Amino acid sequence: MTATTTSATATKYISWVTLALMTTSSVASLRSAPTMAVYGLACVFLYLVPALLFLLPTSLVAAELASGWQGGVYRWVGDGLSKPLGFLAVWCQFAMTIFYYPSLLAYVASTFAYIIHPSLAANGVYVAIVIITVYWAGVYISSQGTKTVAGLSSMGLVIGTLIPGTVLVLLGLVFLAQGNPSAAPMDGDHLLPAWAGLASLVLIVNNFLSYAGMEMNAVHVSSLRNPGREFPRAMFMAAGLVLLIFILPALAISWVVPAANLSLTAGVMQAFDGFFGHFGIDFLTPIVGIALVAAALGGMLTWLAGPSKGLLLIGRSEGYLPPILTKTNAHGVQQNMLVAQGVFTTLIALLYAFIPNVSSAYWILSVITTQVYLIMYVLMFAAAVRLRRNQPDHPRGYRAPALVGLCVMGAVSSVAAFIIGFVPPSQFGGGNTLVYVLIVGGGLGIVGLLIPYLFYRFRRESWKIAAPEVAA
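Definitions and limits used
Residues numbered from 1 in each chain as written. Predicted model: local features only at pLDDT ≥ 70, side-chain atom pairs only at ≥ 80, totals over all residues. Heavy atoms only, no water. Helix = DSSP H or I, 4+ residues; strand = E, 2+ residues; numbered from the N terminus. Buried < 20%, exposed > 50% of the residue type's maximum accessible area, 1.4 Å probe, protein only. Contact = heavy atoms within 4.5 Å. Areas by Shrake-Rupley, 256 points an atom, 1.4 Å probe, with all protein chains shown as cover. Phe/Tyr/Trp six-rings, centres within 6.5 Å; stacked < 30°, edge-to-face > 60°. Lys NZ or Arg CZ within 6 Å of the ring centre and 35° of its normal. Axes fitted to C-alpha atoms, helices over the stretch in contact; angles between N-to-C directions. Parallel < 35°, antiparallel > 145°, perpendicular 65-115°, else oblique. Left-handed = near helix turned anticlockwise from the far one by under 90°. Nonpolar A, V, L, I, M, F, W, Y, C, P; charged D, E, K, R; others polar. Polar contact = N/O pair within 3.5 Å; in protein donor to acceptor, adjacent residues only side chain to side chain. Core = buried A, V, L, I, M, F, W, Y, C linked by side-chain atoms within 4.5 Å. Expected span 1.5 Å × (residues − 1). Salt bridge = Lys/Arg side-chain N within 4 Å of Asp/Glu carboxyl O.

Caption draft 1: Summary view of the overall build of the chain. Within the chain, the secondary structure is distributed over 21 helices and zero strands. Evaluated residue by residue, the chain yields a buried proportion of 53% over its 472 residues. If you take every contact in the chain between residues at least 6 apart in sequence, the share linking residues at least 24 apart comes to 82%. On the chain, roughly 19600 Å² of surface is accessible, and the fraction owed to carbon and sulfur atoms is 68%.

Structure (structure tokens):
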């Protein structure tokens, strides 16, 4: 029996290269490329800074926590700080999706517009209709417990990122090799973004969200044969691949689309449209658009019920959520919670209909998403320090080097990004600063802080439901 068990366990090991590719597929995307293409060559700097200050600390710290404490961020923060803060952390991990899905689907809407009519990409009413329609269709599909779309997500890295990204960069290189001028300056004087006050660096905040989610992949650290040596290798390789996927397509976009004309939601398709038009292969534009849309929708459908699943288990075991939200349907899916989330998503989607500039609405939602998620990361870093000090002998499959230093660097970076997020970016000048701050602060305060406080404040013992799986 022992030999059989050992053999079965051994077959579960994965290589560090496999983990690196898994991490790359879950983090890398072309969706954020237009945001940094605005900066041209300086996007290299703006991607490297958060990678060093946020990506690496998050990866290594989460690896230690995942290898020692099962149960995700609630268990980490709950054991390290307190259960109420653990609930806040898992809530923020869930709540960020309320803002994430509208921004993701805005990208889908703008990309799909290039298949039917490119001018629709800047039409806020069209974007709002697509977001609301597609999201509720996704809720219905997810509530049925179907697995038919899971394959789309697994192929997302190839269909929607690697192939289009490679084609985009190759077309850009050929475009420049033909002697065509780049729309953005590519000389040494433009390696750093022009300094025009704090607002000139605000777009870097969005890059923190680009690297977010590394704590999800840390759960696989126990599947490595030698976690202490192999996990850092996997993270460095993944970081390198992610940087290439982020930087090269962003540069390619900046070569063909002037910053003043760049749409943050449709920038990828603008670049393809420009390149295909230049080379006389316009017929490929719809094909690329379909590939990008399919990959994005596959990811959305597969992950739609994921974040709410963790909140469901915690809400049941601790009595933080009323039974109406933790009730599941015949398929075991938390349908009521998805519907409640959908109501907020619908209201947020209407921003696109009332804010004249679609790119501005996209940016505001991206910032709120980042603000909410950063709260969770600050709590995670603080909990990691407390657990290392208070439970130094607790079994860990991996121990992060210089953990306190990594946590300080990650927490300070997160707080700095959080503060900068309230400064309107220079690229979107002309708007009312107070309105911008009120929208960002209001979204953060209501969804990220007020709602979880009310749930905790009015929790009841009678709301607790025995859930053996939570005790694991």
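Caption draft 2: Inspection of the side chain of Ser59 at higher detail. Inspection of the secondary structure assignment puts Ser59 in helix α4 (residues 43–68). The buried category is assigned to Ser59, whose relative accessible area is 1%. Beyond its immediate stretch of four places on either side in the chain, Ser59 contacts Met214, Phe231 and Met235.

Caption draft 3: Structural view of the packing of aromatic side chains. Throughout the structure, instances matching the rule amount to 13 aromatic pairs. Ring geometry for Phe175 against Phe275: centres 5.6 Å apart, planes inclined by 70°, an arrangement best described as edge-to-face. Linking Phe175 in helix α9 (residues 156–177) with Phe275 in helix α13 (residues 267–279), this pair joins segments that are 100 residues apart in sequence. Of the residues examined, Phe175 reaches a relative accessible area of 9% and is grouped as buried. With relative accessibility at 0%, the residue Phe275 sits in the buried group. Looking at Arg457, its charged tip hangs above the ring of Phe458, at a distance of 5.4 Å from the centre. One Lys or Arg, Arg459, reaches over the ring of Tyr456 and ends 3.9 Å from the middle of that ring.

Caption draft 4: Region of interest: unusual backbone geometry. Not every positive phi belongs to a glycine, and Ala402 is a case in point at roughly 50°. The residue Ala402 is located in the loop between α19 (358–390) and α20 (403–420) in this model.

Caption draft 5: Inspection of the packing of helix α12 (residues 227–256) against α13 at higher detail. Relative to each other, α12 and α13 sit at 55°, their axes nearing to 9 Å. Classified by the interaxial angle, the pair formed by α12 and α13 is oblique. Relative to α13, the crossing made by α12 is left-handed. For the pair α12 and α13, the contacting residues are Ala252, Ile253 and Val256 in the first and Gly267, Val268, Ala271, Gly274 and Phe275 in the second. A class-by-class count of the residues in the contact of α12 with α13 yields six nonpolar, two polar and no charged.

Caption draft 6: Layout of the environment of Gln178. Relative to the helices and strands, Gln178 resides in the loop between α9 and α10 (204–210). Assessed through its relative accessible area of 47%, Gln178 is described here as partly exposed. Beyond its immediate stretch of four places on either side in the chain, Gln178 contacts His278 and Phe279. Only 2.8 Å separates the side chain of Gln178 from the side chain of His278, close enough to count as a polar contact.

Caption draft 7: Expanded view of the side chain of Ser414. Mapped onto the fold, Ser414 is located in helix α20. Among all residues touching Ser414, those that are not within four sequence positions of it are Phe54, Phe208, Leu374, Tyr377, Val378 and Phe381.

Caption draft 8: Representation of the nonpolar core. The biggest cluster of nonpolar side chains holds 145 residues, and the ones touching the most others in it are Tyr47, Phe87, Tyr211, Ile253, Tyr352 and Met380. When neighbours within four sequence positions are excluded, Ile253 is seen to be in contact with Ala33, Pro34, Ala37, Leu168, Leu262, Gly267, Val268 and Ala271.

Caption draft 9: How the structure looks around α12. Relative to the 44 Å expected for 30 residues at 1.5 Å per residue, α12 spans 44 Å between its end C-alpha atoms, a close match to the ideal helical length. Most of α12 is tucked away: 21 of the 30 residues are buried.

Caption draft 10: Representation of the packing of helix α6 (residues 83–116) against helix α17 (residues 335–349). One can describe the packing of α6 onto α17 by two numbers: an axis separation of 9 Å at closest approach and a directional angle of 45°. Comparing their axes, α17 and α6 come out oblique. Seen from above, α6 lies across α17 with right-handed handedness. Within the contact between the two elements, α6 uses Phe94, Thr97, Ile98, Phe99, Tyr101 and Pro102 and α17 uses Met337, Gln341, Phe344, Thr345 and Ile348. Considering only residue class, the contact of α6 with α17 consists of eight nonpolar, three polar and no charged.

Caption draft 11: Expanded view of the pattern of salt bridges. Enumeration according to the criterion identifies five salt bridges in this entry. In this structure, the salt-bridge partner of Arg388 is Glu64, at a minimum N-O distance of 2.6 Å. Here Arg388, found in helix α19, pairs with Glu64, found in helix α4; they are 324 residues apart in sequence, far enough to count as distant. In this structure, Arg75 engages Asp79 in a salt bridge whose closest nitrogen and oxygen atoms are separated by 2.7 Å. Taken as a pair, Arg75 and Asp79 lie in helix α5 (residues 72–80) at a separation of four residues, close to a single helical turn. The class of Arg75 is partly exposed, set by a relative accessible area of 29%. For Asp79, a relative accessible area of 37% translates into the label partly exposed. When salt bridges with common partners are traced through the structure, they connect Glu64, Arg388 and Arg396 into a single cluster.

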